[in-house]
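Close look at the chain arrangement
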Amino acid sequence: MNTCAICRNRFEAESPAILFISRYGTRRVLCAECEALLDTATAVEESLQKKEAIEKLDHLAATVMKDPEAIETLGAIIAGEIENEDAPTPEEEEEMAAVLEEVAKEEEEAARLAEGSKGKGDLFSYILLGAFGLALVFFVLWFYFF
């Protein structure tokens, strides 16, 4: 069960939006309604809805929110002082594309090797299983008769 950092309502979600991570490593998450409000408040274009969302978030920060770190972070986000830190830079995007391409090649090679050795591995497994079974039979006979 998660608690929204802004409205303090409890909610269930598999991967909720994160407002910030506290200095102790605790995730401060947002419910769907507050996430939508924050998205509207940080929209690029000026509109009446953006002003209403900012006013509502300011009201919630003044009346409902109790975590000073969350209030400070929310104020900085609304003021535009904190940008989207999770957005990758072009260099990071190129690096990720190269890594994904390398992983795809490795998976393709592993699949090709698995197909090529499939018949040999099965035969060896049967031989090993047969040898183990034969040794077990001899052990039981030896134990029973001797």
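The present account deals with the structure reproduced in this document. All values reported here derive from a predicted model rather than from experimental measurement. (Residues numbered from 1 in each chain as written. Predicted model: local features only at pLDDT ≥ 70, side-chain atom pairs only at ≥ 80, totals over all residues. Heavy atoms only, no water.)

**Overview of helix H3 (residues 68–79)**
- Here H3 is 12 residues long and its end C-alpha atoms lie 16 Å apart, about the 16 Å a rise of 1.5 Å per residue gives.
- For H3, the full list of buried residues reads Ala70, Thr73, Leu74, Ala76, Ile77 and Ile78.
- Those residues of H3 hidden inside the fold are in contact with strand E3 (17–21), helix H1 (32–41) and helix H2 (48–63).
- Between a side-chain oxygen at the N-terminus of H3 and the backbone nitrogen of Glu69 the separation is 3.2 Å; the capping residue is Asp67.
- Count one or two residues on from H3 and you reach Gly80, which has phi positive near 85°. (Helix = DSSP H or I, 4+ residues; strand = E, 2+ residues; numbered from the N terminus. Expected span 1.5 Å × (residues − 1). Buried < 20%, exposed > 50% of the residue type's maximum accessible area, 1.4 Å probe, protein only. Contact = heavy atoms within 4.5 Å. Polar contact = N/O pair within 3.5 Å; in protein donor to acceptor, adjacent residues only side chain to side chain.)

**Some points on H1**
- Looking only at H1, the buried set comprises Cys34, Leu37, Leu38 and Ala41. The arc that holds the buried residues of H1, viewed along the axis, is 95°, so those residues lie on one side.
- As for H1, its buried residues are in contact with E3, strand E4 (27–30), H2 and H3. (Arc of directions from axis to C-beta.)

**Considering unusual backbone geometry**
- Positive phi values are uncommon outside glycine, yet Arg8 reaches one of about 65°.
- Along the polypeptide, Arg8 turns up in the loop between strand E1 (2–3) and strand E2 (10–11).

**Considering the pairing of E4**
- In this sheet, E4 lies alongside E3 in antiparallel orientation, the contact comprising four bridges. Residue Ile21 lies in a different strand from E4, and its bridge partner there is Arg27.
- Here E3 folds back onto E4, and the loop between the two strands holds five residues, one of which, Gly25, carries a positive phi near 90°. (Pairing = 2+ DSSP bridges.)

**Notes on a negative patch on the surface**
- Where like charges cluster on the molecular surface, the negative patch consists of Glu91, Glu92, Glu93, Glu94 and Glu95.
- A relative accessible area of 59% means that Glu94 is categorised as exposed. (Patch = residues over 30% accessible without salt bridge, like charges linked within 9 Å, V, L, I, M, F, W, Y side chains within 5 Å. Areas by Shrake-Rupley, 256 points an atom, 1.4 Å probe, with all protein chains shown as cover. Salt bridge = Lys/Arg side-chain N within 4 Å of Asp/Glu carboxyl O. Lys, Arg positive; Asp, Glu negative; His and termini not counted. Charge placed at Lys NZ, Arg CZ, Asp CG, Glu CD.)

**Observations regarding the nonpolar core**
- Ranked by internal contacts, the top residues of the largest apolar core, which has 24 residues, are Cys4, Ile6, Leu30 and Leu38.
- Mapped onto this core, the elements with two or more residues apiece are E3, E4, H1, H2 and H3.
- Setting aside residues up to four positions removed in sequence, Ile6 forms contacts with Leu30, Cys34, Leu57, Leu60, Val64, Met65 and Leu74. (Core = buried A, V, L, I, M, F, W, Y, C linked by side-chain atoms within 4.5 Å.)

**Some words on the packing of H2 against H3**
- Contact pair H2 / H3: the axes reach a minimum separation of 11 Å and the direction vectors enclose 165°. What the angle tells us is that H2 and H3 run roughly antiparallel. Along this stretch, H2 crosses H3, giving a crossing that reads as left-handed. Two secondary-structure elements touch here, H2 through Ile54, Leu57, Asp58 and Ala61 and H3 through Ile71, Leu74 and Ile78.
- Of the residues belonging to the contact of H2 with H3, the class tally is six nonpolar, no polar and one charged. (Axes fitted to C-alpha atoms, helices over the stretch in contact; angles between N-to-C directions. Parallel < 35°, antiparallel > 145°, perpendicular 65-115°, else oblique. Left-handed = near helix turned anticlockwise from the far one by under 90°. Nonpolar A, V, L, I, M, F, W, Y, C, P; charged D, E, K, R; others polar.)

By themselves these figures say nothing about function.
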